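What follows is each chain in one-letter form.
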Amino acid sequence: MADKTIKNPLRKRILRDIRKEKGKYISIFLFLTFMISIVSGMLVTSLSMMYTYDDGIETYKLEDGHFSTNSEISVAELQKIADQEDSDTAKATIYKQYFYNFDYTFEGNSNYSIRLYENREALNTYSIFEGHAPEKNGELAIDRLFAENNNLKIGDTLTFDGKDLTICGTVAVPDYSCLFENNSDSMFSATTFTMGFVTADYFKEFSESKLTYSFAYRFSDRSLDDRASYDASTDLMNTLSEQLAPQGNYLTDFLMRQNNKAISFTREDMDGDTNSTIMMLYIMIALLAFIFALMTFSTIEAEAGAIGTLRASGYTKGEIIRHYMAAPTYVFLAAAVIGNIGGYTCFRKFMEDMYYHSYSLPVFKVVWNANAFLLTTVIPIVILLVINYLALRSMLGLSPLNFLRHDLSKRKKKHVTKLPDFKFLTRFRIRTILQNRSNYITMAIGILMANILFIFSASMLPILNDQTDNVLDHLIANYQYTLKAPVELDDSSAEKYCLTVLADDGGKEVLVYGIADNSKYLTQVSMPAEKGDIIISKSFMKLNDYKVGDTIKITEKYGDKEYSFRIAGSFNYPAAFSVFMSIDNYNDTFGKDADYFTGYFSDKALDDLDDSFIYSTMGPSDYSKLSDQMNDSMGRMMPLMKYLSLIIFVIVIYLLSKIVLEKNAESISLTKILGYNNREIGKIYIISTAIAVLVSVAISLPLSTVILKTMIVYLFRTFDIWLENVHIGTSIYVQVVIWDIVCYGLLSFLQYKKIQKIPMEEALKNRE
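Residues numbered from 1 in each chain as written. Predicted model: local features only at pLDDT ≥ 70, side-chain atom pairs only at ≥ 80, totals over all residues. Heavy atoms only, no water.

## A closer look at the overall build of the protein chain
Scanning the protein chain from terminus to terminus reveals 23 helices and 20 strands. In the protein chain, which comprises 768 residues, the share counted as buried stands at 55%. Residue pairs in contact within the protein chain that sit at least 24 positions apart in sequence constitute 82% of those at least 6 positions apart. Accessible surface, the protein chain: about 34,700 Å² in total, of which carbon and sulfur atoms supply 55%. (Helix = DSSP H or I, 4+ residues; strand = E, 2+ residues; numbered from the N terminus. Buried < 20%, exposed > 50% of the residue type's maximum accessible area, 1.4 Å probe, protein only. Contact = heavy atoms within 4.5 Å. Areas by Shrake-Rupley, 256 points an atom, 1.4 Å probe, with all protein chains shown as cover.)

## With respect to helix 19 (residues 637-663)
Under the 1.5 Å per step criterion, the end-to-end length of helix 19 is 39 Å for 27 residues, consistent within 8% with the ideal 39 Å. For helix 19, the buried fraction is high: 20 of the 27 residues fall into the buried class. (Expected span 1.5 Å × (residues − 1).)

## Details of the packing of aromatic side chains
Under the criterion given, the structure shown has 34 aromatic pairs. With a centroid separation of 5.5 Å and 65 degrees between ring planes, the pair formed by Y217 and F219 is classed as edge-to-face. Judged by its relative accessible area of 2%, F219 is buried. In textbook terms, an aromatic cluster arises when at least three aromatic residues are bridged by ring pairs, as seen for F67, Y98, Y213, F215, Y217, F219 and F254. The ring of Y117 has R120 sitting right over it, with the charged end atom 4.4 Å from the ring centre. Residue placement shows K163 over the ring face of F206; its charged tip is 5.0 Å from the ring centre. (Phe/Tyr/Trp six-rings, centres within 6.5 Å; stacked < 30°, edge-to-face > 60°. Lys NZ or Arg CZ within 6 Å of the ring centre and 35° of its normal.)

## Section: the nonpolar core
Membership of the largest hydrophobic core comes to 175 residues, with the highest contact counts inside it found for I28, F540 and V579. Broken down by element, the residue count for this core peaks at 17 residues, all from helix 19. Contacts of V579, omitting those with residues within four sequence positions, involve V510, L511, V512, Y513, I534, I535, I536, F540 and I554. (Core = buried A, V, L, I, M, F, W, Y, C linked by side-chain atoms within 4.5 Å.)

## Observations concerning the pattern of salt bridges
Overall, the coordinates contain 12 salt bridges when judged by the stated rule. The partner of K604 in a salt bridge is D491, with the nearest N and O atoms 3.2 Å apart. Here K604 is found in the loop between strand 19 (599-602) and strand 20 (614-618), whereas its partner D491 is found in the loop between strand 12 (479-483) and strand 13 (495-503), with 113 residues between them in sequence. In this structure, the salt-bridge partner of E562 is K553, at a minimum N-O distance of 3.9 Å. Assessed through its relative accessible area of 47%, E562 is described here as partly exposed. Overall, the relative accessible area of 41% leaves K553 in the partly exposed class. Among the charged side chains, a salt-bridge network with shared partners connects E58, D64, R218, R222 and R257. (Salt bridge = Lys/Arg side-chain N within 4 Å of Asp/Glu carboxyl O.)

## Observations regarding the pairing of strand 15 (residues 533-537)
Burial within strand 15 is extensive, with five of its five residues counted as buried. Two elements, strand 15 and strand 17 (residues 562-571), share five bridges in a ladder whose sense is parallel. Directly across from S537, in strand 17, lies its bridge partner F571. Alignment of strand 15 against strand 18 (residues 578-582), held across two bridges, turns out to be antiparallel. Bridging across to strand 18, I536 finds its partner in V579. (Pairing = 2+ DSSP bridges.)

## Points about the environment of M581
By the secondary structure assignment, M581 is in strand 18. Looking at M581, the relative accessible area reads 1%, which means it is buried. Linking M581 and I535, residues 46 residues apart in sequence, is a C-alpha distance of 6.4 Å. If we ignore the near neighbours within four places in the chain, the residues touching M581 are V512, Y513, G514, I515, M527, D533, I534, F565, Y586 and T589.

## Quick word on a nonpolar patch on the surface
A surface patch of nonpolar side chains, about 690 Å² in accessible area, is lined by W368, F373, L374, V378, V382, V386, Y389 and L390. Mapped onto the elements of the fold, V378 is located in helix 11 (residues 370-395). Overall, V378 belongs to the partly exposed group, its relative accessible area being 30%. (Patch = residues over 30% accessible without salt bridge, like charges linked within 9 Å, V, L, I, M, F, W, Y side chains within 5 Å.)

See below:
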């Protein structure tokens, strides 16, 4: 042991170097620990959630689709029809899945609805969180997330259809992992909509007027991919339609799993979370890499004399590189260990709670994921160590004499930039900024990132509220009824319309409306009489950068039918990506009878419309689901992002301002010898950094706005929404500036303390 110590006494310096530069290493440690904790927690949770979700497809026997009929048909008869398909087509097993739709009032609010099923045992079975499944009449199991959002507990009572039901358990079902009441909704609502389950005997006691004859199916071949499953579902739908028609029966709804938002939205969102988390991680690494390269150069400059002595004493370049990499390596490894512990404990729990507060998922299983560890820990540390190594190797290529003379420049000295005839202090500050421009540029990038996060966290919820107001201001009608089958009404306020759902080239859902001539609800535009001409919503036009006169093609989402239309105009309808044509052209285009329609527009509730014929109703409260749900689910994430932005701001400025002072330690020392006091020196160096910070903040605000608007519009495409006007309030910019100034004010105190500690003899140590 003694021989090794004598052979390499540099080992004794490692801990001493860490203590000496404790501010720098503590900052790096906190930055890495916090970054690894957050990203590791997010990735582990999202990947574990995806595993739980995928595992639940088989565990809870998730359907491959469902359909509804206009009248009661036995499962045996439907199964007989399904079995008539060709042998080379996947066989489907049909399951009865009747349900009731009830509206009810809860705590004075009449906008609540429940979809009531009988207990499930064979298909779409549920995961129980609390309590138990209904065992006797009057017991009700409801969705866990709905219960959480409305503070409902075991033993509480809900009343609908004239019956009091006692909650006996909270559950999660695989076919409603995301609580979309209707598949056409742009946003789910886990606050006003839920599923309920009662015993099979008690299920028969409810009003049949609210009953929907629904059936689900599942293919026996579990290896089918999405396309094959879709093709098999299409065959099943066609077979059922053909065989039921002669009996006077027909399908009122047919929804394949791939098109079912209540099933697919959750998984797609988890994929999006994973990708955005990884992107955020590597942006952070890029920033830290810049900072670390600058810190490495600063360390070499400060230790130039020692390095020159060691090289002249016979130490190899490799030995010196390994020595200077030792301290950061220890700090990185410590940050990795603690960061992963934090990620798998507190941050994982935080993210788990966020997912459970947004989606109705089965019981969570934490899964160790080597890919997450590789992405969050191994790759970042390897990148930082490689950057450190390359920086050291590059500068250690100089001769020992260069280090002893503190001549570390590989290039010839450039001419000094001639400055205008400003005051002495002004020219000194400008010169300081120019000499440290690489540090200040990196600082500006860090400030930009921090301010983007801050503005995003502060503006997201107001933007959602603005979007909701915009939607409500441009509704076609206060109420939009979609029917199971055409039903004539005498109410003169009701206006017929047609509706089908197609998809654009990017797979986005497009609502295709057939509108009555001289519509009293769409008064902004007239429907073109020419067949093939359409009016489209401005949101759809901007999404695809269409112009009037363009020909567009929209198709069945998974089918082969394609429709071409010419854009004759547009109008503001932000509720959905939509296409409008005359009702006559609609029925002609889609091969419907001349008197066909699918629903009614109305500015008042249609009380004379029998509930048994209503498939769905959209009212003003339904269009506010986006704002309500996003406020609820994202409200927990926004404060975390705000704190993260402030941490990035503080650490970036602290590290880089420290580098600037260390780089100029000799100049500061010489200035002290010339008679300047600490306060006067602070006016030069601290104010120089303050100017750089203020300029960076000023530049970052408009840049942040441009970047954020692009990011937010892209983000909301996930929800089939185009944000017409992304407005960021002035008060948010004021908050950013105030927080930045406050944070820098605190950091300037640390800079001043650093200036005080620089001794006069620093300028004399390295004089030749």
